[in-house]
Amino acid sequence: MPSTPPPAGANAHPDPRVGELRTRLETAYRASAEPPAKARAKLDAQGKLYVRDRIALLFDEGTFVEDGRYANATAEGLPADGVVTGRGEVEGRPAIVVANDPTVKAGSWGARTVEKMIRATEAALREELPLFWFVDSAGARITDQVDLFPGRRGAGRIFHNQVALSGRVPQICCLFGPSAAGGAYIPSFTDLVIMVEGNASMYLGSPRMAEMVVGEKVSLEEMGGARMHCTVSGVGDLLAGDDAEAIDLARHFFSYLPETWHDPVPHYEAEAPAVPLTRDTVPEAESVPFDVHEVIEGLVDADSFFEVKPLFAAELVVGLGRVEGQSVGIVANNSAVKGGVLFTDSADKASRFIWLCDAYGIPLLYLADVPGFMIGSEVERGGIIRHGAKMVSAVSEATVPQLCVVVRKAYGAGLYAMGGPGFGPEATIALPTARIAVMGPEAAVNAVYANKIAEISDPAEREAFVEARRAEYVEDVDLERLAADLVIDAIVEPEDLREEVVRRLRYAARRDRHFSTRHRSIPPV
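Criteria and cut-off values
Residues numbered from 1 in each chain as written. Predicted model: local features only at pLDDT ≥ 70, side-chain atom pairs only at ≥ 80, totals over all residues. Heavy atoms only, no water. 1 Å grid on protein atoms, 1.4 Å probe; cavity = no way out; pocket = protein on both sides within 12 Å on 5 of 7 lines; lining within 4 Å. Points joined across faces, edges and corners; volume = space filled by probe spheres on them. Helix = DSSP H or I, 4+ residues; strand = E, 2+ residues; numbered from the N terminus. Phe/Tyr/Trp six-rings, centres within 6.5 Å; stacked < 30°, edge-to-face > 60°. Buried < 20%, exposed > 50% of the residue type's maximum accessible area, 1.4 Å probe, protein only. Lys NZ or Arg CZ within 6 Å of the ring centre and 35° of its normal. Expected span 1.5 Å × (residues − 1). Polar contact = N/O pair within 3.5 Å; in protein donor to acceptor, adjacent residues only side chain to side chain. Core = buried A, V, L, I, M, F, W, Y, C linked by side-chain atoms within 4.5 Å. Contact = heavy atoms within 4.5 Å. Salt bridge = Lys/Arg side-chain N within 4 Å of Asp/Glu carboxyl O. Disulfide = S-S within 2.5 Å. Axes fitted to C-alpha atoms, helices over the stretch in contact; angles between N-to-C directions. Parallel < 35°, antiparallel > 145°, perpendicular 65-115°, else oblique. Left-handed = near helix turned anticlockwise from the far one by under 90°. Nonpolar A, V, L, I, M, F, W, Y, C, P; charged D, E, K, R; others polar. Lys, Arg positive; Asp, Glu negative; His and termini not counted. Pairing = 2+ DSSP bridges.

Taken as a whole, the largest pocket spans an internal volume of roughly 1,000 Å³. Lining the largest pocket are 32 residues, with Ser166, Gly167, Trp355, Asp358 and Ala359 positioned closest to its centre. Mapped by element, the contributors of at least two residues to the lining of the largest pocket are helix 13 (344-359) and helix 15 (384-397). Here the element with the most residues in the lining of the largest pocket is helix 13; it accounts for seven residues.

For the structure on display, the rule yields 10 aromatic pairs. Between Phe253 and Phe306, the ring centres sit 5.5 Å apart and the planes meet at 45°, which makes this aromatic pair tilted. You can see Phe253 sitting in helix 11 (residues 243-254) and its partner Phe306 sitting in strand 9 (residues 306-308), a full 53 residues away along the chain. Each member of the pair, Phe253 as well as Phe306, carries the same accessibility label: buried. One aromatic cluster in this structure is built from Phe159, Tyr185 and Phe189. Against the face of Tyr256 rests Arg322, its NZ or CZ located 4.0 Å from the ring centre. When the ring centre of Tyr268 is taken as reference, the NZ or CZ atom of Arg322 above it lies at 4.0 Å.

The end-to-end C-alpha distance of helix 1 (residues 16-33), which contains 18 residues, comes to 26 Å, matching closely the 26 Å that a straight helix rising 1.5 Å per residue would cover. Two or three places before Arg17, at the opening of helix 1, Asp15 has a side-chain oxygen 2.9 Å from that residue's backbone nitrogen.

Counting 70 residues, the largest nonpolar core has Phe132 and Val331 as the members making the most contacts within it. When near neighbours in sequence (up to four residues on either side) are disregarded, Phe132 contacts Leu58, Val90, Ala95, Ile96, Val97, Val98, Ile172, Ala250 and Phe254. Ranked by size, the runner-up nonpolar core spans 31 residues in total, among them Ala124, Leu148, Ile158 and Met202.

Examined against the element boundaries, Phe254 turns out to sit in helix 11. Owing to a relative accessible area of 1%, Phe254 belongs among the buried residues under this scheme. On a C-alpha basis, the gap between Phe254 and Leu192 in space is 9.7 Å, while along the polypeptide they are 62 residues apart. Excluding residues that lie within four positions of it along the chain, Phe254 makes contacts with Val90, Arg93, Pro130, Phe132, Pro170 and Ile172.

As enumerated under the stated definition, the model contains 40 salt bridges in all. One salt bridge in this structure joins Asp485 and Arg481, with 3.4 Å as the shortest N-O distance. What makes Arg481 partly exposed here is its relative accessible area of 42%. Each member of the salt-bridge network shares a partner with another, and the members are Lys48, Arg54, Asp136 and Asp243.

Summed over all chains, the structure comprises zero disulfides. In this structure Cys174 is not part of a disulfide, and its nearest cysteine sulfur, from Cys173, lies 6.7 Å away. Cys174 gets classed as buried once you look at its relative accessible area, which sits at 0%. The structure places no disulfide on Cys230, whose sulfur is separated from the nearest cysteine sulfur, that of Cys173, by 11 Å.

The contact between helix 4 (residues 111-127) and helix 6 (residues 156-165) brings their axes to 9 Å, and the two run at 15°. Judged by the inter-axis angle, helix 4 sits roughly parallel to helix 6. Considering how the two elements wind past one another, helix 4 and helix 6 form a crossing that is left-handed. Residues Val114, Met117, Ile118, Thr121, Glu122, Ala124 and Leu125 of helix 4 lie in contact with helix 6, whose contacting residues are Arg157, Ile158, Asn161, Ala164 and Leu165. For the contact of helix 4 with helix 6, the per-class residue count stands at eight nonpolar, two polar and two charged.

Under the counting rule described, the total for this entry stands at two cavities of 30 Å³ or more. For the largest cavity, the full set of lining residues is Asn100, Trp109, Val135, Ser137, Gly139, Ser179, Ala180, Gly183 and Ile186. Only strand 4 (131-137) and strand 5 (171-180) provide two or more residues apiece to the lining of the largest cavity. For the second largest cavity, the full set of lining residues is Tyr411, Arg435, Ala437, Pro441, Tyr473, Val474 and Val477. Among the elements of the structure, strand 15 (435-437) and helix 18 (459-476) are those that each provide at least two residues to the lining of the second largest cavity. For the lining of the second largest cavity, the residue count by class is six nonpolar, no polar and one charged.

Examined against the element boundaries, Arg93 turns out to sit in strand 3 (residues 93-100). Although buried, Arg93 forms no salt bridge, and the nearest oppositely charged side chain, Glu259, lies 4.6 Å from it. Among the polar contacts listed, one links the side chain of Arg93 to the backbone oxygen of Phe254, at a separation of 2.6 Å. Ignoring sequence-local partners within four residues, the contact set of Arg93 consists of Gly88, Phe254, Ser255, Leu257, Pro258, Glu259 and Pro266.

Here the focus is the pairing of strand 10 (residues 316-323). Among the eight residues that make up strand 10, eight are buried, leaving the element largely enclosed by the rest of the structure. Residues Leu316, Val318, Leu320 and Arg322 line one face of strand 10 and the alternating positions Val317, Gly319, Gly321 and Val323 line the opposite face, and both faces are buried. Of the pairings in the sheet, the one linking strand 9 to strand 10 comprises three bridges and is antiparallel in character. Looking at the pairing, Glu307 lines up with Gly319 of strand 10. Inspection of the sheet shows strand 10 paired to strand 11 (residues 326-333) by eight bridges, in the antiparallel sense. Within strand 11, the position partnered with Gly321 by the bridge is Val328. Between the antiparallel neighbours strand 10 and strand 11 lie two residues, among them Glu324 with a positive phi of about 55°.

Functional significance is not addressed by these values, which are geometric in nature.
Next comes the structure, spelled out in structure tokens:
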């Protein structure tokens, strides 16, 4: 607590109680300004930053104002009760932070901890301010459970408020350490979860608890480590190498989003793509896999693509980029991974990203090169229909401007999931390499003529028959015919695609955002 000496004569008769109070407050202030030497050494050994150093990296210098610094000040060893809350500016834009202090009882929650977190979420709701969650907590203090857990101002109120904030203001989570038990739900309610590899973890029950309750012996990394969540469960969105990188990613992601759902999306100075699209970018043969990132980089402003969940369900690429300085959400099939086929995980990945863009008014650009949804007993048992329906629902309900670009194949329900003509996009644009059909020619001929093909004993005659039927099928779905029948709105060369997208997004800026009148949908989740 900074202090300055009073002017001469101001306190001729000082009150000793005031002096004693100042001493106590200064002690409490200093206790929360720096961790004890032992705690600092532990942070250093883990490669972690102190909570206030993390906050200093988030906010513009000199803008942070703290709330509740003296929470639980009368208790021994509980500075700020283990959580720092307050507000500051991120590149000139106001935001709130809730940051656990792992040097205070492992960042665990007490009654005052919970109250501070509730107040921060209430302020975010009241003032519509973005919220950054800096999570590094062992969960609730069991000794304080009656005070912090069950009541109207208990921990459940935090989650309730997070849900109320969802889609209203951005919520971004940096996970620096554990997020245990009920507290593990805090990251899951945010728009982006960045996890520091080697330190971050999320789990409802610890490995020790899993062994006691279900007899499973498992390591913390296998149970809920950062890499597991970013590659297998999909709960994590991005891996970071250290605290500083995580905070930098959080600030970068925030730069694409508005401050609230009704504010305009930030606009930046336009830049040309790093590598323009050419006719050599996309292989003409649909069976030749290629990395769709090459198309994305040819469409967005140089170095502006911010990919979300790059390690999870990589057959589908989603992320935010800028086109002529404007934020755009991109959903793209990647034939270089599993042929670009849609699975349950990729459908979930797409759905959540589409909801994010629709919530914050960010136009969506679909780059379709999809053979359809995966088939087989395993995926059917895994609910591929339900997950696919979720993605189709997300595409249907999105009211932001949407453009469908058919890069190569768009077969079966894959066309629907990628915002095809039936879903009211601003336009369906095709490259000359595009094909739209219920299925590919090989599968179609086999499905229709299987018995006839089996009856032909001569191999040469059989091959000639199959090739003739394939040629008929391809002619039936000829791209020019689809354009003539108004299935697609434009056929453009790759080198002209960016300018086509720019113009159409500009014209779509005044799109009506109403979808239907009802209380809410019942999505097939």
